[in-house]
Amino acid sequence: MCTGTCSRFIAVALYPLAVISIICNIVLFFPGGDIKYAKDGNITEEVKYMGGLIGGGLMVLLPALYIHLTGKNGCCGNRCGMFLSIALAAVGVAGALYSLIVAVVGLQNGPLCKVLIVWTTPFKDGDQSYLTDKTLWGLCTAPENIVEFHIGLFATLLATSCLQLVLCAIQMINGLFGCLCGTCNKGPL
């Protein structure tokens, strides 16, 4: 496979992953589909770090656009363009790592929820893992189904950021080959 074709494949795979990351992060601001928790500031701290919106979203989407261009003929489909794609893929790696770290910390700490009359993060620094012990989930009384909501969206962010990390790392290697050997595009380089 040519390095240009590989770039197009990687970019097309990164687009939906970036969109999924952005959507997950936005949805995390509205537990139970209600805006009152965001208004009152009762959302999990890791949501405010916006790992999905900034890291897995914008920091991956912008390099994906350029990487897509390196796979085409024209000003970006040459050795210099492939060299620049290495740097932009590194930005994508950094964004994916940021999203990955925020997702892991979010899963580790658990959701901010109402326990009796107090808003707290009941699973943070606990002896037992709420991820493996469903009986602990009953501690959270509001928002409804917050633990499932939290796990589902942060796990999705974790999975998408892992895929983004792998794809951007592959593009860095692909960009190196494209820089050294050319893009396989027809015409002058």
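Preceding this section is the structure that the text describes.
Remember, it's a predicted structure, so these values are computed and weren't measured experimentally.

What counts and how
- Residues numbered from 1 in each chain as written.
- Predicted model: local features only at pLDDT ≥ 70, side-chain atom pairs only at ≥ 80, totals over all residues.
- Heavy atoms only, no water.
- Helix = DSSP H or I, 4+ residues; strand = E, 2+ residues; numbered from the N terminus.
- Rg over C-alpha atoms; globule rule 2.2 N^0.38 Å.
- Buried < 20%, exposed > 50% of the residue type's maximum accessible area, 1.4 Å probe, protein only.
- Contact = heavy atoms within 4.5 Å.
- Areas by Shrake-Rupley, 256 points an atom, 1.4 Å probe, with all protein chains shown as cover.
- Expected span 1.5 Å × (residues − 1).
- Disulfide = S-S within 2.5 Å.

A. How the structure looks around the overall build of the protein chain. Each helix and strand counted, the protein chain has six helices and two strands in total. The linear arrangement of helices and strands in the protein chain, starting from the amino end, is α-α-α-α-α-β-β-α. In summary, the protein chain has a C-alpha radius of gyration of 20 Å against a globular reference of 16 Å for 189 residues, an excess of more than 25%. Considered along the principal axes of its C-alpha atoms, the protein chain spans approximately 70 × 30 × 20 Å. Counting the 189 residues in the protein chain, one finds 44% classified as buried. The long-range share in the protein chain, meaning contacts at least 24 apart out of those at least 6 apart in sequence, stands at 73%. A total of about 9500 Å² of accessible surface is found on the protein chain, and carbon and sulfur atoms cover 70% of it.

B. Helix α5 (residues 79-109), seen in detail. Compared with an ideal rise of 1.5 Å per residue, which puts 31 residues at 45 Å, α5 spans 45 Å between its outermost C-alpha atoms and is within 8% of the ideal. Once α5 ends, the next one or two residues include G110, with phi positive near 85 degrees.

C. Expanded view of the state of the cysteines. Summed over all chains, the structure comprises one disulfide. Note that C113 is cross-linked by a disulfide to C140, the S-S spacing being 2.0 Å. For the disulfide bridge between C113 and C140, the dihedral angle about the S-S bond is near -55 degrees, and by the sign convention the bridge is left-handed. Of this pair, C113 sits in strand β1 (residues 113-115) while C140 sits in the loop between β2 (118-120) and α6 (146-181); the two residues are 27 residues apart in sequence, bridging distant segments of the chain.

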